[in-house]
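# Coordinates in review
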Amino acid sequence: NAEFASRLPPQKGTLFYFVLHYESLWTRDKNLAKKTYDLSCQMLTCSTWLKDILLEKHDQTAEVLIIPVDLKVFFCNKKKWNVIRRVAMLHHDYDWKGFWEGIETIKNVKAQGYEVELVVFGEKLENPKPLFNKAGFNFEYHYRPAREQLRKIYTSCDIFLCASWYEGLGLTAMEAMACRCTLVTTDT
């Protein structure tokens, strides 16, 4: 917690704040998130758009540190393309992650007569039945896949659909591309 760390005495070291997203846009406690961006510390961030927002809205300068994809984990030596395209997508309960927009996209593709298999993974929902009911169709669902399992999911799919409204960096999409998925994305 950045606010807690800011109250530590200087003997504990220099405070660095690594901003991975502009949480005040969607977090459940917007005021707390906004206050942390005004802390007196060295700001680091994972993207230039976050660097620009910190400067524009909080008069904070930040260094950009790009988070790389671990190519020892996320790779694909030989891609097997599927006759019926498999589309991977992340499930998250934040609206801004665009899960339901992704579901609508899949429905539109199916309505045009194309066959696709949807493969969803996420860490928020152990039982996907409510998702199936709300979506109106069943799909493959993986709850909290470990990194090796996630690589297998990506490599088994042809396309990764990122329907997020915003992304700090978009690491999930980058991991999918490292596993040779075609990326279909919003302007994140």
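Residues numbered from 1 in each chain as written. Predicted model: local features only at pLDDT ≥ 70, side-chain atom pairs only at ≥ 80, totals over all residues. Heavy atoms only, no water.

Right, let's get into the pairing of strand β8 (residues 182–185). The pairing of strand β7 (residues 159–162) with β8 spans four bridges and is classified as parallel. Following the sheet pairing, F160 is matched in β8 by L183. Taken together, β7, helix α7 (residues 171–178) and β8 constitute a β-α-β crossover, and its handedness is right-handed. (Pairing = 2+ DSSP bridges. Helix = DSSP H or I, 4+ residues; strand = E, 2+ residues; numbered from the N terminus. Right-handed = clockwise from strand over helix to strand, strands pointing away.)

Glancing now at a nonpolar patch on the surface. Taken together, the side chains of F18, L20 and L65 make up a nonpolar region of the molecular surface, amounting to roughly 250 Å² of accessible area. Mapped onto the fold, L65 is located in the loop between β3 (62–64) and β4 (85–91). (Patch = residues over 30% accessible without salt bridge, like charges linked within 9 Å, V, L, I, M, F, W, Y side chains within 5 Å. Areas by Shrake-Rupley, 256 points an atom, 1.4 Å probe, with all protein chains shown as cover. Salt bridge = Lys/Arg side-chain N within 4 Å of Asp/Glu carboxyl O.)

A separate point is the packing of aromatic side chains. Inspection of the entire model under this criterion finds 10 aromatic pairs. Taken together, a centroid distance of 5.7 Å and an interplanar angle of 25° make the contact between Y94 and W96 stacked. Take Y94: its relative accessible area is 22%, and that puts it in the partly exposed class. With 4.9 Å between their ring centres and 80° between their planes, F99 and W100 make a pair best called edge-to-face. Taken together through their ring pairs, the aromatic side chains of F74, F121, Y154 and F160 make up a single cluster. The lysine or arginine in question, K110, covers the ring of F137, its NZ or CZ lying 4.4 Å from the ring centre. The ring of W100 has K134 lying over it, and the distance from NZ or CZ to the ring centre is 4.5 Å. (Phe/Tyr/Trp six-rings, centres within 6.5 Å; stacked < 30°, edge-to-face > 60°. Buried < 20%, exposed > 50% of the residue type's maximum accessible area, 1.4 Å probe, protein only. Lys NZ or Arg CZ within 6 Å of the ring centre and 35° of its normal.)

By size, the foremost hydrophobic cluster in this structure holds 16 residues, and its most contacted members are F74, F121, L150, Y154, F160 and C181. In terms of residue count, helix α6 (residues 147–156) provides more of this core than any other element does, three residues in total. Excluding its chain neighbours within four sequence positions, the residues that come into contact with F74 are V69, R147, L150, R151, Y154, E175, A178 and C179. (Core = buried A, V, L, I, M, F, W, Y, C linked by side-chain atoms within 4.5 Å. Contact = heavy atoms within 4.5 Å.)

So, about α7. When we look at burial in α7, the residues that qualify are A173, E175 and A176. Take α7 and look down its axis: the buried residues cluster within an arc of 160°, on one side only. Immediately downstream of α7, the backbone of R180 shows phi near 65°, a positive value. (Arc of directions from axis to C-beta.)

Here we take up the pattern of salt bridges. Inspection of the entire model under this criterion finds eight salt bridges. With a shortest N-O distance of 3.2 Å, R86 and E117 are connected by a salt bridge. Of this pair, R86 sits in strand β4 while E117 sits in strand β5 (residues 116–122), placing them 31 residues apart in sequence. Overall, E117 belongs to the partly exposed group, its relative accessible area being 34%.

Read these as layout, nothing more, since geometry by itself doesn't imply function.
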